Amino acid sequence: MTPAMKAPSTSPYPLPGQKIAIIGTTGSGKTTLGDQISQILAIPHIELDALFWQPGWVERDRQDFHRVTAQALNIPAWVVDGNYRSVRDLTWGQADTLIWLDYPFLFVFWRLLLRTLQRSITKEELWNGNVETFDTALFSRDSIMIWLCKSYARHRREYPQLIKEPQFAHLQVIHFHRQKDKDAWLERVRLSCHQN
């Protein structure tokens, strides 16, 4: 496979390069897509949440988070997911491709609610021994559902402006509004890899 695959000119969504950053509101499917791309392109998948959240849901301090993220990205190819602005200079700055999962609010809300309920029931380990519970995920001040409501509009307002900034002019931006478009694109990526 070449360092940057080329898509047919008729496609509205180009194929990715070898350093891919995935953004999108909480529950949009960033990590799932990161896993899928990682498997298809055979490149490492870096979850920023896994670097940020230490055991017991302790947040890594900003300087240390920047350091460990820089270390994780110090490889020839990767796909990274997460919205952390404190390391955007690294993730967006080093990426060649930016994928924005920008789905309707109700779609993401129900998807996140179902995921949260499932994780709370199964006690699925997320990162470094941390698990979600009903109380923290749904009813606490730090509820992930509340975070979605707070951050959704802000992301949709800020990302278009950020993408236009000169330091990110190098990025190939792939902006998905519908999951079925993302799925069709992912299948094209898979087929392209099989042809190379």
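The rules behind each value
- Just so you know, the residues in each chain are numbered from 1, in the order the chain's sequence is written.
- In view of the model being predicted, local features appear only for residues whose pLDDT reaches at least 70, and side-chain atom pairs are presented and counted only at 80 or more, with totals across whole chains, interfaces and linings using the full set of residues.
- The side-chain quantities take in all heavy atoms of the structure and omit both hydrogens and water.
- Numbering of helices and strands runs from the N terminus, with a helix taken as a DSSP run of H or I at least four residues long and a strand as a DSSP run of E at least two residues long.
- The cut-offs for exposure are 20% and 50% of the maximum accessible area for each residue type, with area from a 1.4 Å probe on protein chains only; residues under the lower value are buried, those over the upper are exposed, and the others partly exposed.
- Two residues form a contact once any of their heavy atoms are found within 4.5 Å.
- Calculation of accessible area relied on Shrake-Rupley with a 1.4 Å probe; when residues are assessed, cover is drawn exclusively from the protein chains displayed.
- To get an axis, fit a line to the C-alpha atoms, keeping to the stretch in contact for a helix; angles then go from 0 to 180 degrees between the N-to-C directions.
- To sort the angles, those under 35 degrees are grouped as roughly parallel, those over 145 as roughly antiparallel, those from 65 to 115 as roughly perpendicular, and the leftovers as oblique.
- Left-handed is the label given to a crossing in which the near helix is rotated counterclockwise from the far helix by less than a right angle, and right-handed is the label when the rotation is clockwise.
- Under the scheme applied here, ten amino acids are nonpolar (Ala, Val, Leu, Ile, Met, Phe, Trp, Tyr, Cys and Pro), four are charged (Asp, Glu, Lys and Arg), and all others, including Gly, are polar.
- For our purposes a nonpolar core is just a set of buried Ala, Val, Leu, Ile, Met, Phe, Trp, Tyr and Cys residues, chained together by side-chain atoms within 4.5 Å.
- Lining residues are those with an atom within 4 Å of a point, where the points come from a 1 Å grid over the protein atoms alone and group into cavities, where a 1.4 Å probe fits but cannot get out, or pockets, open sets with protein on both sides within 12 Å along at least five of seven lines.
- Grid points are joined across faces, edges and corners, and a volume is the space filled by probe spheres set on the points.
- To be clear, the arc concerns the directions from the helix axis to the C-beta atoms.
- N or O atoms within 3.5 Å of each other form a polar contact, as long as, within protein, one can give a hydrogen and the other can take it, and as long as residues adjacent in sequence are counted only when both atoms are side-chain atoms.
- At least two DSSP bridges between two strands are needed for those strands to be called paired.

Asks: Quick question: what am I supposed to make of the overall build of the chain here?
Replies: Secondary structure summary: the chain contains eight helices and seven strands in total. Classification of the 196 residues of the chain by burial places 47% in the buried group. Long-range contacts, defined here as pairs at least 24 residues apart, represent 72% of the contacts in the chain between residues at least 6 apart. Per element, the accessible surface of the chain, about 10500 Å² overall, is 55% carbon and sulfur.

Asks: Any chance you could explain the packing of helix α5 (residues 105-122) against helix α7 (residues 144-163) here in plain terms?
Replies: For any two helices packed against each other, the geometry is given by the interaxial angle and the distance between the axes. Running from amino to carboxyl end, α5 crosses α7 at an angle of 160 degrees, the nearest separation of the two axes being 10 Å. It follows that α5 is roughly antiparallel to α7 by the angle criterion. α5 and α7 meet at a crossing whose hand is right-handed. Two secondary-structure elements touch here, α5 through F105, V108, F109, L112, L113, R115 and T116 and α7 through I144, M145, L148, C149 and Y152. Taken together, the residues of the contact of α5 with α7 sort by class into 10 nonpolar, one polar and one charged.

Asks: Just checking my understanding: could you explain the nonpolar core for this structure?
Replies: In a soluble, globular protein the nonpolar side chains are often hidden away together inside. By size, the foremost hydrophobic cluster in this structure holds 27 residues, and its most contacted members are I37, I99 and W185. Secondary-structure elements contributing two or more residues to this core are β1 (19-24), α1 (30-41), β6 (97-101), α5, α7, β7 (172-176) and α8 (179-195). In this structure W185 touches Y13, P14, L15, P16, L33, I37, I99, I174 and F176, once residues within four positions along its chain are discounted. Listed in part, the 26 residues of the second largest apolar core include I23, L90, W127 and L162.

Asks: Is there a simple way to think about empty space enclosed by the protein in this case?
Replies: Empty space among the atoms becomes apparent when a probe as large as a water molecule is rolled across them. Per the stated rule, a full pass over the model turns up two cavities of 30 Å³ or more. Lining the largest cavity we find G24, T25, S28, W100, L101, D102, Y103, V108, Y152, H155, R156 and Y159. At the level of secondary structure, the elements contributing two or more residues to the lining of the largest cavity comprise β6 and α7. The element best represented in the lining of the largest cavity is α7, accounting for four residues. Of the residues contributing to the lining of the largest cavity, the split by class is six nonpolar, four polar and two charged. Empty space within the second largest cavity amounts to approximately 30 Å³. Lining the second largest cavity are I23, G82, N83, Y84, R88, T91, W92 and Y159. Broken down by element, the lining of the second largest cavity gets its largest block of residues, three residues, from helix α4 (residues 88-94). Among the residues making up the lining of the second largest cavity, the classes are represented as four nonpolar, three polar and one charged.

Asks: Looking at this model, I keep getting lost on helix α3 (residues 62-72). Mind explaining?
Replies: An α-helical segment advances 3.6 residues per turn. Residues three or four places apart therefore align on the same side. Those residues of α3 that fall on the buried side of the exposure criterion are D64, F65, V68 and T69. The buried residues of α3 occupy an angular sector of 130 degrees when projected down its axis, which confines them to one face. Of the exposed residues in α3, the ones pointing more than 90 degrees away from its buried face are R62, Q63 and Q71. N-cap assignment for α3: the residue whose side-chain oxygen lies 3.2 Å from the backbone N of Q63 is D61.

Asks: What's the story with the sheet that holds strand β2 (residues 45-47) in this structure? I'm lost.
Replies: The pairing of strands in a sheet happens through backbone hydrogen bonds and is either parallel or antiparallel. Taken in spatial order, the five strands make up an open sheet running β2-β5-β1-β6-β7, and their pairing is parallel. Looking at the sheet topology across the chains shown, the edges are occupied by β2 and β7. Pairs of neighbouring strands in the sheet enclose a mean axial angle of 20 degrees, with direction left out of account. The pairing of β2 with strand β5 (residues 78-81) spans three bridges and is classified as parallel. Following the sheet pairing, H45 is matched in β5 by V79. On the sheet, α8 packs against β6 and β7 and is oriented at approximately 130 degrees with respect to β7.

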